[in-house]
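# Residue-level structure breakdown
Take a look at the letters that make up each chain.
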Amino acid sequence: MVLSTFEHLDENKQQRILAALVTEFSKYPLAQAQVARIVKQADIARGAFYKYFSDLKDAYQYAFKEVIGRLHTGIAGPEMRRDPYAATVAFLQEADESQDRDFIRLHFTKNSGMVTVGEPPIAANAIEWAVTTLCHSAISQALANPEQADLILKNLKAALLQLHVKES
């Protein structure tokens, strides 16, 4: 988690640092990321970085939480329950239009085994759990293999129909 000194920064500086983190982790896997590039883009001292984050992993976990939060806005919650297929397609389209897509793609293909980014959501029942798991898996596979996205979404739609879940 971010250190308390980061939380006390003004919003503009926090956003500048977040932008630098997202840029770095969108271009480089965590193992190749460099504090030097982050602090240069964010226009902060290297020592300041370590006043805000324990290490690169800590910074990555913060950035992941922020990116995934942006991508879930407007998609999760009631929309997902009403039409999980449409919500998954919307998620992929929104992710495709931003630097966040590259961040999430690198997360699934390179970084997910290196960090803990929170607990998986607890579902109310088995069907909700299955739907959530299928949708997250489809997103992961489609971002890692964009040339297969149409087939992945077709399979998701078929699986959701088998579970008798509404689709578009």
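Just so it is clear, the model here is predicted, and its values are computed rather than measured.

## Regarding the overall build of the protein chain
Of the regular secondary structure elements, the protein chain holds 10 helices and 0 strands. Shown N-terminal to C-terminal, the secondary structure of the protein chain runs as helices and strands in the order α-α-α-α-α-α-α-α-α-α. In the protein chain, which comprises 168 residues, the proportion classed as buried is 39%. Pairs at least 24 apart in sequence give 66% of the contacts found in the protein chain among residues at least 6 apart. Roughly 9400 Å² of accessible area belongs to the protein chain as shown, and the carbon and sulfur atoms make up 53% of that amount.

## Side note on the nonpolar core
Counting residues in each nonpolar core, the largest one holds 47 residues, and the members touching the most others are I17, L21, F25, F49, F53 and F103. Only α2 (11-27), α3 (35-42), α4 (46-52), α5 (56-72), α7 (84-96), α8 (99-111), α9 (126-144) and α10 (149-162) provide two or more residues apiece to this core. At 9 residues, α5 tops the list of elements feeding residues into this core. Not counting residues within four places of it along the chain, the set of residues in contact with I17 comprises F6, L9, A42, I44, Y52 and F53.

## Notes on the pattern of salt bridges
Within the structure shown, the criterion is met by 3 salt bridges. A network of salt bridges, in which partner residues are shared, links R101, D102 and R105.

## Here we look at the packing of α2 against α8
The angle between the axes and the distance between the axes are what describe a pair of packed helices. With their axes 7 Å apart at the nearest point, α2 and α8 run at an angle of 55° to one another. Between α2 and α8, the angle is such that the two are oblique. α8 is crossed by α2, and the crossing has left-handed handedness. Of the residues in α8, those in contact with V22, T23, F25, S26 and K27 of α2 are Q99, D100, D102, F103 and L106. Across the contact of α2 with α8, the residue classes break down as 4 nonpolar, 3 polar and 3 charged.

## Quick word on the UniProt feature "DNA-binding region" (unreviewed entry) in the protein chain
Per the UniProt record, "DNA-binding region" (unreviewed entry) is found at residues 34-53. Here residues 34-53 runs as 75% helix and 0% strand, with 13 Å between its end C-alpha atoms.

## Side note on the environment of A48
Mapped onto the elements, A48 comes out in helix α4. According to the relative accessible area criterion, A48 is buried, its value standing at 16%. Linking A48 and T5, residues 43 residues apart in sequence, is a C-alpha distance of 9.3 Å.

The rules behind these values
- Residues numbered from 1 in each chain as written.
- Predicted model: local features only at pLDDT ≥ 70, side-chain atom pairs only at ≥ 80, totals over all residues.
- Heavy atoms only, no water.
- Helix = DSSP H or I, 4+ residues; strand = E, 2+ residues; numbered from the N terminus.
- Buried < 20%, exposed > 50% of the residue type's maximum accessible area, 1.4 Å probe, protein only.
- Contact = heavy atoms within 4.5 Å.
- Areas by Shrake-Rupley, 256 points an atom, 1.4 Å probe, with all protein chains shown as cover.
- Core = buried A, V, L, I, M, F, W, Y, C linked by side-chain atoms within 4.5 Å.
- Salt bridge = Lys/Arg side-chain N within 4 Å of Asp/Glu carboxyl O.
- Axes fitted to C-alpha atoms, helices over the stretch in contact; angles between N-to-C directions.
- Parallel < 35°, antiparallel > 145°, perpendicular 65-115°, else oblique.
- Left-handed = near helix turned anticlockwise from the far one by under 90°.
- Nonpolar A, V, L, I, M, F, W, Y, C, P; charged D, E, K, R; others polar.
- UniProt positions renumbered as here; feature names shortened; annotations may be inferred.

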